[in-house]
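Listed below, chain by chain, are the residues.
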Amino acid sequence: MEKKVIGILGGMGPLATADLFRKMVEHTRAGRDQDHPRILVDCNTNIPDRTAALLHGGTDPVPELTAAARNLERGGAQVIAMPCNTAHGFYDAVQAAVAVPVLHMIRLTAQALTERGVDAAGLLATDGTIQTGIYQRSFQDTGVTLLTPEAEDQQAVMDLIYRGVKAGRRDFDASAARRTMERLLEKGAQTLILGCTELPLAVELYHLAYPCTDPTLELALGALRFAGCETV
């Protein structure tokens with residue numbers, strides 16, 4: 001069977017885009033180059049900040065998001081993966097702009113946790129993702145309770161994302177984020193959802209060894225399955 005072409009609608013941020021690409025490569029069961037899918041990447045760093053748009057009247061990211069989606073479709077992408085949780089607040093507009101399927105990373109994550117029998121999960125994400133209820137809507141009727149940080153702890157998550165990973169700071173002090181993660185686990189979270197695509201990178205960079213669920217990985221696996229690839 002001929003494999004479908006995957007398009008990555010990236011740039012939000014560049015490291016998160018590279019992380020999705022790497023996970024697609026690492027999780028394809030392949031013995032040679034030709035066993036991997038063809039992957040097109042549009043690392044569109046002109047897409048305005050999604051949290052600023054959702055919560056503070058910032059520049060609308062939809063024109064750049066839809067332009068990138070159409071660019072991938074014109075290039076031959078038969079399915080599109082968008083490695084940004086907050087951008088899923090604009091998912092409907094992106095899907096409406098193209099004829100090919102746009103995978104929904106958060107729904108894929110909800111499905112994965114339901115299949116694993118998780119009852120409660122801590123949500124680590126941007127203010128935009130949490131306050132607009134993107135995850136809460138996707139997790140309705142799944143039986144998985146979402147726990148979110150208190151205000152002070154949420155600021156620690158935002159600092160980890162923006163002042164740590166997005167700023168390229170390998171020396172960032174992640175101790176406040178550690179306390180946030182530990183408090184969610186103490187409240188009964190069985191796993192911590194890394195609900196911003198910078199957070200899997202933060203876990204690796206700052207050695208945050210806690211039970212986590214990676215939506216970027218769920219998106220990678222979903223894209224590979226759609227493309228007709230075997231996964232590992």
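(A) Summary view of empty space enclosed by the protein. Tallied over the full model, the rule gives two cavities of 30 Å³ or more. Taken as a whole, the largest cavity spans an internal volume of roughly 90 Å³. Lining the largest cavity are 13 residues, with Arg50, Cys84, Thr86, Thr126 and Lys166 positioned closest to its centre. Looking at the lining of the largest cavity residue by residue, the class counts come to four nonpolar, five polar and four charged. Roughly 50 Å³ of volume is contained in the second largest cavity. For the second largest cavity, the full set of lining residues is Leu124, Val157, Leu160, Ala177, Met181, Leu194, Leu199, Ala202, Val203 and Leu208. Here the lining of the second largest cavity gets three residues from one element, more than from any other, and that element is helix α10 (residues 199–205).

(B) Molecular detail of the pattern of salt bridges. Counted by the stated rule, this structure contains 13 salt bridges. Where arginine 22 meets glutamate 204, a salt bridge forms, and the shortest distance between an N and an O atom there is 3.7 Å. Taken together, the residues arginine 22 in helix α1 (residues 14–26) and glutamate 204 in helix α10 connect sequence positions 182 residues apart. When its relative accessible area of 32% is taken as the criterion, arginine 22 is described as partly exposed. A relative accessible area of 52% means that glutamate 204 is categorised as exposed. Taken together, the salt bridges that share partners define one network made up of Asp19, Arg22, Lys23, Glu26, Glu204 and Asp214.

(C) Structural view of helix α5 (residues 105–115). Turning to α5, its buried residues are Met105, Ile106, Leu108, Thr109, Ala110, Ala112 and Leu113. Elements in contact with the buried residues of α5: β4 (120–124), α7 (134–138), β6 (191–194), β7 (212–213) and α11 (215–227). Positive backbone phi, at 75°, marks glycine 117, one or two positions downstream of α5.

(D) Structural context of the packing of aromatic side chains. Within the structure shown, the criterion is met by two aromatic pairs. Ring geometry for phenylalanine 172 against tyrosine 206: centres 5.9 Å apart, planes inclined by 55°, an arrangement best described as tilted. Linking phenylalanine 172 in the loop between α8 (151–165) and α9 (175–186) with tyrosine 206 in the loop between α10 and β7, this pair joins segments that are 34 residues apart in sequence. One exposure class covers both phenylalanine 172 and tyrosine 206, and it is buried. Positioned above the aromatic ring of tyrosine 91, the side-chain terminus of arginine 107 is 5.3 Å from the ring centre. Above the ring of tyrosine 162, the side-chain terminus of lysine 166 is found at 5.8 Å from the ring centroid.

(E) The arrangement of the sheet that holds strand β3 (residues 79–81) in detail. An order of β2-β1-β3 is seen for the three strands of this open sheet, with the pairing classed as parallel. The sheet is open, and its two edges are formed by β2 (39–43) and β3, each paired on a single side. Mean inter-strand twist for the sheet, computed between neighbouring axes without regard to direction, equals 25°. Pairing geometry for strand β1 (residues 6–10) and β3, over three bridges, is parallel. When the sheet's bridge partners are listed, isoleucine 6 is paired in β3 with valine 79.

(F) Structural detail: unusual backbone geometry. Cis geometry marks the peptide bond from methionine 12 to glycine 13; its omega dihedral reads -5°. The topology assignment puts glycine 13 in the loop between β1 and α1. One non-glycine residue, aspartate 141, adopts positive backbone phi at about 65°. Among the secondary structure elements, aspartate 141 is positioned in the loop between α7 and β5 (145–147). A residue is classified by how much of its surface remains accessible, and aspartate 141, at 83% relative accessible area, is exposed. Positioned with a positive phi, histidine 207 is a non-glycine residue whose angle comes to about 55°. Position of histidine 207 among the secondary structure elements: in the loop between α10 and β7.

So, how was this worked out
For every chain, the first residue of its written sequence is number 1, and the numbers climb from 1 along that sequence. At least 70 in pLDDT is required for a residue's local features to be given in this predicted model, at least 80 for side-chain atom pairs to be given and counted, and no such filter applies to totals for whole chains, interfaces and linings, which use all residues. The basis for every side-chain value is the complete set of non-hydrogen atoms in the structure, without hydrogens or water. Here a cavity is any set of points on a 1 Å grid over the protein atoms alone where a 1.4 Å probe fits but cannot get out, and a pocket is any open set with protein on both sides within 12 Å along at least 5 of 7 lines; a residue lines the site when it has an atom within 4 Å of a point. Grid points are joined across faces, edges and corners, and a volume is the space filled by probe spheres set on the points. Each residue is assigned to one of three groups, with Ala, Val, Leu, Ile, Met, Phe, Trp, Tyr, Cys and Pro labelled nonpolar, Asp, Glu, Lys and Arg labelled charged, and all others, Gly among them, labelled polar. The numbering of helices and of strands both runs from the N terminus, where a helix is a DSSP run of H or I of at least 4 residues and a strand a run of E of at least 2. We define a salt bridge as a contact between a side-chain nitrogen of Lys or Arg and a carboxyl oxygen of Asp or Glu at a distance within 4 Å. Only protein chains enter the accessibility calculation, which uses a 1.4 Å probe; a residue is then buried when its area is under 20% of its type maximum, exposed when over 50%, and partly exposed in between. Throughout, a residue-residue contact means that at least one pair of heavy atoms, one from each residue, lies within 4.5 Å. When the centres of two rings from Phe, Tyr and Trp lie within 6.5 Å, Trp using its six-membered ring, the rings pair. Their planes under 30 degrees apart give stacked, over 60 give edge-to-face, and anything left gives tilted. Distance and angle both matter: a charge sits over a ring if NZ of Lys or CZ of Arg is within 6 Å of the ring centre and within 35 degrees of the ring normal. For two strands to pair, DSSP has to find at least two bridges joining them. Lines fitted to the C-alpha atoms define the axes, with helices restricted to the stretch that makes contact. Angles between their N-to-C directions range from 0 to 180 degrees.

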